[in-house]
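# Structural features, examined
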Amino acid sequence: MRALLIEKDDQGYRAAVQNVDEANLPAGDVTVEVAYSTINYKDALAITGKGPVVRQFPMVPGIDLAGRVTQSDSPDFKPGDEVILNGFGVGELHWGGLAGKARVKSEWLIPLPKAFSARQAMVIGTAGYTAMLCVMALEQHGVTPERGEVLVTGAAGGVGSVAIALLAKRGFTVVASSGRSEEAEYLRTLGAAEVLDRSILSEPGKPLQKERWAGVVDAVGSHTLANACASTRYGGVVTACGLAQGMDFPATVAPFILRGVTLAGIDSVYCPREKRLQAWDLLARELDPKLLELVAREISLEEAMAVSGELLQGKVRGRIVVDVTR
Ligand code: NDP
């Protein structure tokens, strides 16, 4: 099979498309012929070696995959079933989706939602499913459109783009924070009512600022997350899922103890199966397929290395879907 393989040895850290013997696939009870995978932020870190994502070498990256079961020792799946996988350490600890085939544990797989093709599911990918987890958390903590505006940071990226579309569909007034003014029209087409320059949020700010946000979807971390908390309204909710600006969180407890702000952490990788199924079911019902096409850029396996570099430089708009057959 063709696979993107990451190696690390005396010659350094490198990623290249290679022909790999399928006998080298890791242990698992289901084998999947992969149709599409994706490049998430984490994949870009893994492929370029710019972050400590890969914990075993050689590694096939790709935290997402969609494809068809070819062999199964599990009663839950049979050959021909269409499936998707997001996370569970795939592409980090266990060979992932950027290859012709993957062998995985059946409990990591979920059926491809009927509303989506394999390609559409991968346009959504971990980034889009994480956006849905953020929206679910806002709702769970009582944020409704009547409460006020919702801020989305890292807006033109994968999580941000899908979050805007989902929130606007639910009737929220969405304010998008982006460093790319040239993407303002794209962000408005997705459903943003207003676009802010991200520099407003990315510099050190006061512990408590003017109350504005009823809810926040933050994919950026660092000062942006601290400022988002500091400008969240009384009783509001901030969902933290990313670290595109940084992993630090230079904040005070003031918003939490004086305004009752809730900071909700979002993890997609080990999210329990029931919640995943719920998230994908909501995505199938609420995401406009036309907007998905607007968000998507398709690439080949060979292009994955160059595009990973672009993504980490903040130059990729929306979501990258990888046709692993070319
Ligand atoms: P993308 O690269 O697609 O988007 C990130 C966006 O963040 C960029 O498009 C850019 O948006 C903004 N950004 C980039 N650099 C900076 C910076 N230095 N300062 C401020 N903003 C910046 O990544 P994803 O959307 O796939 O992922 C976003 C984050 O969420 C990542 O950190 C990722 O690791 C994390 N993540 C976490 C998950 C979880 O389970 N918790 C799951 C999925 C993702 P713009 O140009 O509009 O400003």
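Going by the structure above, here's the rest.
The paragraphs below set out a description of the structure included in this document.

What counts and what doesn't
- Residues numbered from 1 in each chain as written.
- Predicted model: local features only at pLDDT ≥ 70, side-chain atom pairs only at ≥ 80, totals over all residues.
- Heavy atoms only, no water.
- Helix = DSSP H or I, 4+ residues; strand = E, 2+ residues; numbered from the N terminus.
- Rg over C-alpha atoms; globule rule 2.2 N^0.38 Å.
- Buried < 20%, exposed > 50% of the residue type's maximum accessible area, 1.4 Å probe, protein only.
- Areas by Shrake-Rupley, 256 points an atom, 1.4 Å probe, with all protein chains shown as cover.
- Lys, Arg positive; Asp, Glu negative; His and termini not counted.
- Charge placed at Lys NZ, Arg CZ, Asp CG, Glu CD.
- Polar contact = N/O pair within 3.5 Å; in protein donor to acceptor, adjacent residues only side chain to side chain.
- Patch = residues over 30% accessible without salt bridge, like charges linked within 9 Å, V, L, I, M, F, W, Y side chains within 5 Å.
- Salt bridge = Lys/Arg side-chain N within 4 Å of Asp/Glu carboxyl O.
- Expected span 1.5 Å × (residues − 1).

## Quick notes on the overall build of the protein chain
When its secondary structure is counted, the protein chain shows ten helices and 15 strands. Relative to the compact-globule value of 20 Å for 326 residues, the protein chain shows a C-alpha radius of gyration of 20 Å, a close match. By its C-alpha atoms, the protein chain is 60 × 45 × 35 Å across when sized along the principal axes. Here the protein chain, with 326 residues, has 56% of them falling under the buried criterion. Element-wise, carbon and sulfur atoms account for 50% of the exposed surface of the protein chain, whose accessible area totals about 13,600 Å². Between the mean site of the 34 positive side-chain charges and the mean site of the 38 negative ones, the protein chain shows a separation of 4 Å.

## Considerations on the environment of Ser178
Note that Ser178 resides in strand β9 (residues 174-178). Given the relative accessible area of 6%, Ser178 is considered buried. In sequence terms Ser178 and Trp213 are 35 residues apart; their C-alpha atoms lie 16 Å from each other. A polar contact of 3.0 Å, which involves the side chain of Ser178, links it to the backbone nitrogen of Arg180.

## Comments concerning a nonpolar patch on the surface
On the surface, a cluster of nonpolar side chains totalling about 380 Å² of accessible area is made up of Leu208, Val253, Ile257 and Leu258. Assignment of secondary structure puts Val253 in the loop between β12 (232-240) and α7 (254-258). You can call Val253 exposed: its relative accessible area is 51%.

## Structural notes on helix α3 (residues 158-169)
Helical geometry note: an α-helix holds 3.6 residues per turn, so side chains three or four residues apart project in the same direction. With twelve residues, α3 extends 17 Å between its outermost C-alpha atoms, agreeing within 8% with the 16 Å of an ideal straight helix rising 1.5 Å per residue. Counting buried positions over the twelve residues of α3 gives ten, a clear majority of the element. Buried within α3 are the following residues: Gly158, Val159, Gly160, Ser161, Val162, Ala163, Ile164, Ala165, Leu166 and Leu167.

Note that all results are geometric; they support no functional claim without further evidence.
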